[in-house]
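Coordinates in review
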Amino acid sequence: ELALIKRYACFIEQKPTTLRAIFAETLKKLPWFILILVLWMTIMIVGITFLVFPAVIFGVWFMFTGTILMLEDIHGLKVFKRSKTLTSGLFFPLLLRAGAITITAFFVAAAAAQGFSSILTALLGQSNPYGLVFSSIVGSILTALILPIISGTVVTLYFEVKRLKG
């Protein structure tokens, strides 16, 4: 995800870079990213435990943590504070934009996986176990292809918010 963030940022800012440079920078920030990811997941689990609404709030507040870690010189818990600062006052616009793109991507991937499953069932028959295996593989691949869409959305929103807030 860090490499995707950096690549999208270079594309948006029109800065030339190489994959080697991106991966080198990603490896330097990977330990911090793992720590931030564990903290973010803990926050989200706590939010889900107290119903869904806190998880949605925390998700929007801290949606830029990976992007801030990769693009700004901020580490540790300061990443969460910076993300909260950037999202303050923009909760609903960010929720609607990120939510619409994420939900659309998931529905498209789910529909494609279901369609593939239906085609395989029609071709191989319902009792053929290979149809389920191939459907699961395709579903996993399509789900993995959602990550670049979501990462690109978050990076784009980050630059929009940064431009708005100055």
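Remember, predicted model here, so these are calculated numbers, not experimental data.

1. Overview of the overall build of the protein chain
Counting its secondary structure elements, the protein chain contains seven helices and zero strands. Each helix (α) and strand (β) of the protein chain, taken in turn from the N terminus, gives the series α-α-α-α-α-α-α. Going through the 166 residues of the protein chain one by one, you find that 34% of them count as buried. Total accessible area computed for the protein chain in this model is approximately 10,400 Å², and 74% of it derives from carbon and sulfur atoms. Side chains of the protein chain carry 14 positive and 6 negative charges; the gap between the two charge centres is 3 Å.

2. Some remarks on the layout of surface pockets
Of the volumes computed, that of the largest pocket is approximately 700 Å³. Along the walls of the largest pocket sit 29 residues, with Trp-40, Gly-59, Met-63, Ile-150 and Val-154 positioned nearest its centre. Mapped onto the lining of the largest pocket, the elements with two or more residues apiece are α2 (19-49), α3 (52-61), α4 (65-71), α6 (91-124) and α7 (129-165). Looking at the lining of the largest pocket element by element, the count peaks at seven residues for α6. Tallied by class, the residues present in the lining of the largest pocket amount to 20 nonpolar, eight polar and one charged.

3. Section: the pattern of salt bridges
Tallying each qualifying case throughout the model produces five salt bridges. Here Lys-6 ties to Glu-25 by a salt bridge, and the two come within 3.5 Å at their closest N and O atoms. Note that Lys-6 is positioned in helix α1 (residues 2-13) and Glu-25 in helix α2, a separation of 19 residues in sequence. Glu-25 gets classed as partly exposed once you look at its relative accessible area, which sits at 23%.

4. Focus: the packing of α3 against α6
At a minimum axis distance of 10 Å, the contact between α3 and α6 shows a crossing angle of 95°. Looking at the two axes, α3 sits roughly perpendicular to α6. Counting all contacts with α3, which are made through Val-56, Ile-57, Val-60 and Trp-61, the residues of α6 involved are Phe-91, Leu-94 and Leu-95. When the residues that make up the contact of α3 with α6 are grouped by side-chain class, the tally is seven nonpolar, no polar and no charged.

5. Observations concerning the nonpolar core
Core analysis: the biggest nonpolar cluster contains 26 residues, and Met-63, Phe-64, Ile-68 and Leu-94 have the highest contact counts within it. Of all elements in the fold, only α1, α2, α4, α5 (78-87), α6 and α7 reach the threshold of two or more residues within this core. In terms of residues, this core owes the most to one element, α7, which gives six residues. In contact with Met-63, other than residues within four places in its own chain, are Ser-83, Leu-94, Ala-98, Val-154 and Leu-157.

About the thresholds
- Residues numbered from 1 in each chain as written.
- Predicted model: local features only at pLDDT ≥ 70, side-chain atom pairs only at ≥ 80, totals over all residues.
- Heavy atoms only, no water.
- Helix = DSSP H or I, 4+ residues; strand = E, 2+ residues; numbered from the N terminus.
- Buried < 20%, exposed > 50% of the residue type's maximum accessible area, 1.4 Å probe, protein only.
- Areas by Shrake-Rupley, 256 points an atom, 1.4 Å probe, with all protein chains shown as cover.
- Lys, Arg positive; Asp, Glu negative; His and termini not counted.
- Charge placed at Lys NZ, Arg CZ, Asp CG, Glu CD.
- 1 Å grid on protein atoms, 1.4 Å probe; cavity = no way out; pocket = protein on both sides within 12 Å on 5 of 7 lines; lining within 4 Å.
- Points joined across faces, edges and corners; volume = space filled by probe spheres on them.
- Nonpolar A, V, L, I, M, F, W, Y, C, P; charged D, E, K, R; others polar.
- Salt bridge = Lys/Arg side-chain N within 4 Å of Asp/Glu carboxyl O.
- Axes fitted to C-alpha atoms, helices over the stretch in contact; angles between N-to-C directions.
- Parallel < 35°, antiparallel > 145°, perpendicular 65-115°, else oblique.
- Contact = heavy atoms within 4.5 Å.
- Core = buried A, V, L, I, M, F, W, Y, C linked by side-chain atoms within 4.5 Å.

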